[in-house]
Amino acid sequence: MKRIAFYFKHNIYFMISLITLFLSVVFAIVMLIALDLGERVKETSVGFIYLGSFSEDQYESVLTSKVTQWQTAADFELIYQGYEIDIDLTLFDFNANLTVSNIETNKNNDAHFVMSAENEALLMTHFEDNLTPTLFNAFDTESFLEDVLADMSSLKNRKVYQLKSYLDEGLSESIIQTITIDQIDLADVNQIAETIESLEIFGTSRFSILNTFGTDQDLDNNQLSIIASAIQKLTLDTHFEGYVYSSYINLPIWAEPGMNVRVLKVNQFDFSFYNRLSDTFTIDIEKIGDDSLSFTLKGYPYMTSYVSSIDESVVIPYTTIYVDNALIDETTPGVIITETDTEFIYELIITPGVTGKVISYFKTITPLNGSSTTVKVYDEQYVASPETREQNIVLKDGE
């Protein structure tokens with residue numbers, strides 16, 4: 001007994017510490033049980049708006065205030081071919097009563113919005129002012145508004161809508177340009193028409209004739225040149241840019257300025273250009289006669305207009321080559337006689353000269369509701385052909 005008393009006497013502080021620790025653990029367990037049995041912390045929210053720290057009678061005022069701030073700060077927009085049309089979310093009315101009445105505790109709930117007929121008319125006017133009539137008439141606004149309301153219910157901060165998702169499917173086959181190229185050999189017409197019905201120009205990529213048809217043994221250089229030349233003319237009044245190609249020095253019978261591309265597979269004489277839009281365009285090729293083909297560019301219609309123009313102000317004069325011919329005189333048919341103080345000059349044109357020129361092609365770009373800008377697309381140079389004349393110079397008597 002004495003030994004036990006002696007033990008406790010010498011270990012009194014240790015025992016006190018042990019008892020204190022035991023009581024602390026018991027107290028902590030009791031508190032955890034009491035808190036667990038009491039009201040849990042709520043995780044209720046509407047979109048990003050946390051309501052767990054508010055009483056239910058505060059929900060409506062808190063939501064109204066924060067949703068109003070969100071409507072002015074959120075970024076919802078409709079995009080098409082680089083155009084961005086903002087959607088004014090303040091045109092949608094927040095239904096606080098319906099939102100609060102549908103709130104479920106400890107869940108992320110939806111916000112509810114409605115749009116009055118007056119505000120819907122304002123939004124439609126906004127779209128009509130920022131779209132072409134063709135696009136606006138094909139716009140499924142009902143489906144679009146349903147998607148906007150669905151995204152607003154979760155209070156997203158940013159949402160981008162593709163206008164193409166709400167357009168009539170047939171609009172992607174709209175005819176943008178059509179041209180005809182004629183005076184083609186029948187064999188070439190048939191070969192091209194039988195080999196290619198249509199070709200695709202993919203979005204945000206460079207189209208290349210050689211990459212597309214360079215390994216096609218059914219099409220020779222001349223036939224590829226015809227196709228490339230037609231596409232050159234077909235796409236001038238479009239958004240395509242960055243043309244790279246070589247031209248014929250002497251135009252084939254089917255070619256003309258602005259429709260003059262020479263393709264050579266082995267020499268890598270290519271024809272290419274860049275499609276900066278994300279849209280894919282198609283070109284349909286059709287035989288319309290024994291010597292002619294039509295080329296039709298199809299795709300979603302433009303919001304921007306593209307109008308081409310040319311400048312032929314740079315003229316390259318031709319040179320004249322003279323060949324002596326003592327047989328020419330005033331009796332020679334077609335002779336040109338020039339008299340000076342000391343001589344008579346008799347000339348006969350054998351080969352007429354052709355003036356050369358540089359043709360510059362420009363494109364005027366006019367965005368919808370915007371200002372026009374004009375850019376150079378490319379230059380084509382046509383060399384001068386020398387003139388050949390036979391000449392006889394006769395000195396006057398006494399000279």
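First things first, this report covers the structure right here in the doc. Worth saying up front: this structure is predicted, and the values here are computed from it rather than measured. (Residues numbered from 1 in each chain as written. Predicted model: local features only at pLDDT ≥ 70, side-chain atom pairs only at ≥ 80, totals over all residues. Heavy atoms only, no water.)

Moving on to the nonpolar core. With 48 residues, the main nonpolar core has I181, I209, I231, F271, I283 and F295 as its most contacted residues. Broken down by element, this core gets its largest block of residues, seven residues, from helix α10 (residues 221-234). Judged by nonpolar contacts, the second largest core, of 44 residues, contains L51, L135, Y166 and L167. (Core = buried A, V, L, I, M, F, W, Y, C linked by side-chain atoms within 4.5 Å. Buried < 20%, exposed > 50% of the residue type's maximum accessible area, 1.4 Å probe, protein only. Helix = DSSP H or I, 4+ residues; strand = E, 2+ residues; numbered from the N terminus.)

We now examine the pattern of salt bridges. Considering all chains together, one arrives at 14 salt bridges under this definition. The salt bridge partner of K287 is D290, with a shortest N-O separation of 4.0 Å. For K287, a relative accessible area of 34% translates into the label partly exposed. Here K357 ties to E312 by a salt bridge, and the two come within 3.2 Å at their closest N and O atoms. Of this pair, K357 sits in strand β20 (residues 356-366) while E312 sits in strand β16 (residues 305-316), and the two are 45 residues apart along the sequence. Classification of E312 by relative accessible area gives partly exposed; the value is 38%. Look at the salt bridges and you will find they share partners, linking D75, E77 and R158 into a network. (Salt bridge = Lys/Arg side-chain N within 4 Å of Asp/Glu carboxyl O.)

Those residues of helix α8 (residues 186-195) that sit buried are D188, V189 and I192. The arc enclosing the buried residues of α8, seen along the axis, measures out at 100 degrees, which places them on a common side. Away from its buried face by more than 90 degrees, α8 exposes A187 and E194. Buried residues along α8 sit against α10, β14 (281-289) and β15 (292-299). (Arc of directions from axis to C-beta. Contact = heavy atoms within 4.5 Å.)

This part covers the sheet that holds β15. The antiparallel open sheet is built from four strands, whose spatial order is β9-β15-β14-β10. Only two strands of the sheet have a single neighbouring strand rather than two, namely β9 (174-181) and β10 (198-201). On average, each strand axis in the sheet is tilted by 20 degrees relative to the strand beside it, whichever way the strands run. As paired strands, β14 and β15 are joined by seven bridges and run antiparallel to one another. Directly across from I285, in β15, lies its bridge partner F295. Against the sheet, α8 touches β14 and β15, its axis set at about 140 degrees to β14. With respect to the sheet, α10 is in contact with β9, β10, β14 and β15, its orientation differing from that of β9 by roughly 130 degrees. (Pairing = 2+ DSSP bridges. Axes fitted to C-alpha atoms, helices over the stretch in contact; angles between N-to-C directions.)

Time to look at the pairing of strand β13 (residues 272-275). As paired elements, strand β11 (residues 205-208) and β13 share four bridges and run antiparallel to each other. Across the sheet, S205 pairs through a bridge with N275, a residue of β13.

For T296, the position within the fold is in strand β15. In the structure, T296 is positioned 14 residues away from T282 in sequence and 8.1 Å away in space, judged by C-alpha atoms. Those residues in contact with T296, other than ones at most four positions away along the chain, are I175, Q177, T178, L234, T282, I283 and D284.

Even without being glycine, Q81 reaches a positive phi, approximately 50 degrees. By secondary structure assignment, the location of Q81 is in the loop between β3 (75-80) and β4 (83-86). For Q81, a relative accessible area of 16% gives the class buried. Even without being glycine, T204 reaches a positive phi, approximately 45 degrees. Relative to the helices and strands, T204 is located in the loop between β10 and β11.

Put simply, α8 and α10 touch, their axes get as near as 10 Å, and they point 70 degrees apart. Classified by the interaxial angle, the pair formed by α8 and α10 is roughly perpendicular. Taken together, the residues of α10 that come into contact with α8 (itself represented by D188, Q191 and I192) are N222, Q223, I226 and I227. Tallied by class, residues from the contact of α8 with α10 come to three nonpolar, three polar and one charged. (Parallel < 35°, antiparallel > 145°, perpendicular 65-115°, else oblique. Nonpolar A, V, L, I, M, F, W, Y, C, P; charged D, E, K, R; others polar.)

These figures come from the coordinates and say nothing about function on their own.
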